[in-house]
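# Observations on the three-dimensional arrangement
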Amino acid sequence: MKSDPKFDDALTLDPGDWTEFRAVAHAAIDDATDRIRTLRDGPVWQPMPEDVRAAFSGPVPSGPQSLREVYEQVATQVIPHAMGNVHPRFWAWYMGAGDLAGALADFLAGVDGSNLGVGDTAASLVDQQVTRWIREMMRFPEGASGALVSGGTMANIIGLTAARNAMAGIDLRKHGLAQMERPLAFYASDQVHSCHHKAMNLLGLGANALRHIPTDDGYRIDVRALRDAIAADRKSGIKPACVIATAGSTNTGSVDDLNAIADLCARERIWMHVDGCIGALIAIAPRNAHLVDGIERADSLALDLHKWLHAPFDVGCVLMRDRARHRSTFAENAEYLQPATRGLAAGEFLHDFTLETSRGFRALKVWMMLKHHGVEMFGRLIDQNIYQARYLTGLVEAEPSLELMAPTATSVVCFRFNPGGSTEDALRALNTELLLRLQESGLCVHSDTTLRGRYCLRVAFCNHRTRPSDIDELAAAVLLLGNELLQASRSIP
Ligand SMILES: *Cc1c(COP(=O)(O)O)cnc(C)c1O
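Residues numbered from 1 in each chain as written. Predicted model: local features only at pLDDT ≥ 70, side-chain atom pairs only at ≥ 80, totals over all residues. Heavy atoms only, no water.

Time to look at the sheet that holds strand 1 (residues 90-91). Strand order in this open sheet of 5 strands is 1-11-12-10-9, and the pairing throughout is mixed. Every interior strand has two partners, whereas the edge strands, strand 1 and strand 9 (402-404), have only one. Where strand 1 meets strand 11 (residues 445-451), 2 bridges bridge the pair, whose relative direction is parallel. If you follow W91 over to strand 11, its bridge partner there is H446. Each of strand 10 (412-417), strand 11 and strand 12 (454-460) is contacted by helix 14 (residues 424-441), which is oriented at about 30 degrees to strand 12, the strand it contacts most. Helix 15 (residues 468-491) rests against strand 1, strand 9, strand 10, strand 11 and strand 12 of the sheet, and its axis sits at about 25 degrees to strand 10. (Pairing = 2+ DSSP bridges. Helix = DSSP H or I, 4+ residues; strand = E, 2+ residues; numbered from the N terminus. Contact = heavy atoms within 4.5 Å. Axes fitted to C-alpha atoms, helices over the stretch in contact; angles between N-to-C directions.)

Attention now moves to helix 10 (residues 258-268). Looking at helix 10, one finds that the buried residues are L258, I261, A262, L264 and C265. Along the axis of helix 10, the buried residues cluster in a sector spanning 165 degrees; they form a single face. In this structure, helix 10 carries A266 and R267 as exposed residues pointing more than 90 degrees from its buried face. The secondary structure elements touched by the buried residues of helix 10 are helix 9 (223-235), strand 5 (239-246) and strand 6 (271-275). R269, located one to two residues past helix 10, shows a positive phi value of around 55 degrees. (Buried < 20%, exposed > 50% of the residue type's maximum accessible area, 1.4 Å probe, protein only. Arc of directions from axis to C-beta.)

What surrounds the ligand is a group of 14 residues, the closest being G152, T153, D275, D304 and K307. A distance of 2.8 Å separates an oxygen atom of the ligand from a polar backbone atom of G152. A distance of 2.8 Å separates an oxygen atom of the ligand from a polar atom in the side chain of K307. Relative to its unbound accessible surface of 380 Å², the ligand loses 84% to contact with the protein. Per-element tally for the shell around the ligand: the top contributor is helix 6 (residues 152-167), with 3 residues. In terms of residue class, the shell around the ligand is made up of 3 nonpolar, 8 polar and 3 charged. (Near = heavy atom within 4 Å. Polar contact = N/O pair within 3.5 Å; in protein donor to acceptor, adjacent residues only side chain to side chain. Areas by Shrake-Rupley, 256 points an atom, 1.4 Å probe, with all protein chains shown as cover. Nonpolar A, V, L, I, M, F, W, Y, C, P; charged D, E, K, R; others polar.)

With respect to burial, strand 8 (residues 316-320) is a largely interior element, 5 of its 5 residues being buried. The alternating pattern of strand 8 places G316, V318 and M320 and C317 and L319 on opposite faces, both of which are buried. By the bridge criterion, 5 bridges tie strand 2 (residues 145-149) to strand 8 in an arrangement that is antiparallel. Looking across to strand 8, one finds that G146 is bridged to L319. Of the pairings in the sheet, the one linking strand 7 (residues 300-304) to strand 8 comprises 5 bridges and is antiparallel in character. Within the sheet, the bridge partner assigned to A302 lies in strand 8 and is V318.

So, in structure tokens, the structure goes:
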């Protein structure tokens, strides 16, 4: 090739100095290992100083900077101000605590570089093996399909899209919602996760198409009220399409009666979808699997692997009983993406089972973690978290100035500091302040919620690093701080 003197035709992103790259990468691995080994000694979370905040405001870099310097900024300004969900005393919302084998897998997946949308690659086989493993773990029948996606929201959207198309009564992909003879109704409890509202929006059904059925004292869907709502809709010419059962609600960890819902759906010929983002994996926990009995009867199931499997963010999974239905909901037939019998395009087209076309190799972290730790370990860790929730519940019940706010069904404990004699507003103010002070102190992080109008602290155990002494410390800190705040509020004239 004749070279153009004004044009550098040997540009590449590869390291100019391979030895230097190797040294920085080794340092990063060493730092990561030390960080996780000594996590417990540091704060869960810390407020960010202004100079750190300011460090993220510059313009796009036009020229290069050494990888060592860039890594230095990550090590000193990004990592110390992480969320803290990897710390043993993080119990907010619902998040996995991460895992070094999973983190290593994310690096290796990036090096492999495969796009799993299409292609006959080992990466694609890893992905398919992982979805088969999850199908096995959930006791779904052989022949059921699955897809790894970004998380629970996307997994739910995929399940509900299949439900909508299956129940529309017309070829919805072709004709669209406007051609439907009868409007569809979906049903879920008043505890349903907000991502289902996003789904209703996206599916063009609208928020009103999702009926919120009341829950009982244990925050489980009232199956009788569900049956009545279905009957009322049928009577008024609306087509009951899908029940969204919750296995592990975000507020309280409650699990709907899955067998009763499966019976009802079978009788009524309605699609049963289970949002198991929190609780589905209880199915692998030897002591508690019975809590999610019936989950294997769902038509579609959404679960999260970045929650109770502790895979680094982000990865979720949807399972579908009817593989053909799953595929026909999403498969396209572009001339530039034709399957082949030989060569690179001969593999399974995984993008036929999801909304995305390009797909990352998120399967590798799940695959490496399941191989390295074994599925039994994850089941025992889930049992351990459920035990920890019961342990904290016991501490709350034994302490007169703590109030349990909901029955502890699985791994979420809702309670508050309430020594009596305070109004609801005062309790909200006091407990909110308590929560914020604990977060700012770095001692522990949990979150809050409001149940039937009453404010509560919410401690969710989804953490493989928590020890019983951490829970004792939490209870002691809530009491100490609660009493201090109470004294202070009473001393204000
Ligand atoms: C977390 C959660 C979701 C959403 O999952 P993402 O992974 O955050 O998208 C949906 N439903 C329930 C019950 C959840 O707890």
